Amino acid sequence: MTSTRTAEELRADLTGGLAESIAAKGYAATTIADIVMHARVSKRTFYEHFADKEACLMALYEQGCVHLLEVVRSAAGPGGRPWKEMINSGVTAYLTALESLPAVTRTLLVEIQAAGPKAFRLRQQMLRRFADALVEVIERARESDPRIPALSPLLAIALVGGVHEMMLQVCDPYTGAGPSFTELTPAVDELVYAILTNPWMTADGMIGRTAGLQS
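Residues numbered from 1 in each chain as written. Predicted model: local features only at pLDDT ≥ 70, side-chain atom pairs only at ≥ 80, totals over all residues. Heavy atoms only, no water.

Colleague: I'd like a description of the overall build of the protein chain, backed by residues and values.
Modeller: When helices and strands are tallied, the protein chain shows nine helices and zero strands. Along its sequence from the N terminus, the protein chain presents helices and strands in the succession α-α-α-α-α-α-α-α-α. Within the span of the protein chain, comprising 215 residues, buried residues form 45% of the whole. Expressed as a percentage of contacts within the protein chain between residues at least 6 apart in sequence, the contacts between residues at least 24 apart total 66%. About 10,800 Å² of surface is accessible on the protein chain, with carbon and sulfur atoms providing 58% of the total. (Helix = DSSP H or I, 4+ residues; strand = E, 2+ residues; numbered from the N terminus. Buried < 20%, exposed > 50% of the residue type's maximum accessible area, 1.4 Å probe, protein only. Contact = heavy atoms within 4.5 Å. Areas by Shrake-Rupley, 256 points an atom, 1.4 Å probe, with all protein chains shown as cover.)

Colleague: Could you give an account of the nonpolar core, with specific residues and numbers?
Modeller: Ranked by size, the top nonpolar core spans 65 residues in total, and within it Tyr-94, Leu-95 and Met-167 carry the most contacts. Elements represented by at least two residues in this core include exactly helix H1 (7–25), helix H2 (32–39), helix H4 (53–76), helix H5 (83–99), helix H6 (102–109), helix H7 (117–144), helix H8 (153–170) and helix H9 (185–196). Per-element tally for this core: the top contributor is H7, with 12 residues. In contact with Leu-95, not counting residues within four places along its chain, are Met-167, Phe-181, Thr-182, Leu-184, Thr-185 and Val-188. (Core = buried A, V, L, I, M, F, W, Y, C linked by side-chain atoms within 4.5 Å.)

Colleague: So what's going on with the side chain of Thr-197? Residues and values would help.
Modeller: Along the chain, Thr-197 falls in the segment after H9. In this structure the side chain of Thr-197 is engaged in a polar contact, spanning 2.7 Å, whose partner is the backbone oxygen of Tyr-193. (Polar contact = N/O pair within 3.5 Å; in protein donor to acceptor, adjacent residues only side chain to side chain.)

Colleague: Mind laying out the packing of H5 against H9, listing which residues take part and the relevant values?
Modeller: In the contact formed by H5 and H9, the axes pass within 10 Å of each other and the chain directions differ by 140°. Between H5 and H9, the interaxial angle falls into the category oblique. Considering the relative orientation of H5 and H9, their crossing is right-handed. Contact residues: Trp-83, Lys-84, Ile-87, Asn-88, Val-91, Thr-92 and Leu-95 in H5; Thr-185, Val-188, Asp-189, Val-192, Tyr-193 and Leu-196 in H9. (Axes fitted to C-alpha atoms, helices over the stretch in contact; angles between N-to-C directions. Parallel < 35°, antiparallel > 145°, perpendicular 65-115°, else oblique. Left-handed = near helix turned anticlockwise from the far one by under 90°.)

Colleague: Can you break down the side chain of Thr-15 residue by residue, with the values?
Modeller: Residue placement: Thr-15 occurs in helix H1. Non-local contacts of Thr-15, meaning those with residues more than four positions away in its chain, are made with Phe-50, Cys-56, Ala-59, Leu-60 and Gln-63.

Colleague: Outline the packing of H7 against H8, listing residues and values.
Modeller: Look at H7 against H8: their axes get within 8 Å of each other, and the N-to-C directions meet at 110°. Accordingly, the angle class assigned to the pair H7 and H8 is roughly perpendicular. Contact residues: H7 offers Arg-123, Leu-127, Arg-128, Phe-130, Ala-131, Leu-134 and Val-135, while H8 offers Pro-153, Ala-156, Ile-157, Leu-159, Val-160 and His-164. Classifying every residue of the contact of H7 with H8 by side-chain character gives 10 nonpolar, one polar and two charged. (Nonpolar A, V, L, I, M, F, W, Y, C, P; charged D, E, K, R; others polar.)

This is the structure in structure tokens:
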């Protein structure tokens, strides 16, 4: 019975129903009937909350991204710890969360990229939010170790995109082939470390200023 569920719960059930159907048959093949079947509501209820399947997809994508952002910020902590430890905590928590959300992961990695211009703009917006979160974590780390160079927003976006491509290359979202997301932790850590310890990252361009960070 849908009458016992709040509007917020119904929206969550509908986006969850979409995620389940995407995991089973992909976004293109998913119908409104599939979504409401998984959510255990009527089509009328669906259209009371979403204009169409695309709107439901974007809600699912945004919910998943917001959850992951909260996970990363919480795991990285307020600062005061060694910078590599903060980054490893954030990376580990992010990949572990992806591992625990198999019904959502395919949406986050693949389906949103082919869902039209509105979905494309939302994806760009969320990538910027992930980049902003990465800049924020680095700034916290710099409070206890000012030798770490500041991370520019543009380079942060490049890092976020690089991590995304690593996940696509190693973990096939269609077949499930390859290692788990958590097995990518060392490689993602290494990518971030390499950027932050690159001499050309220093504000004044002086080679060698960050050499002490390598240890």
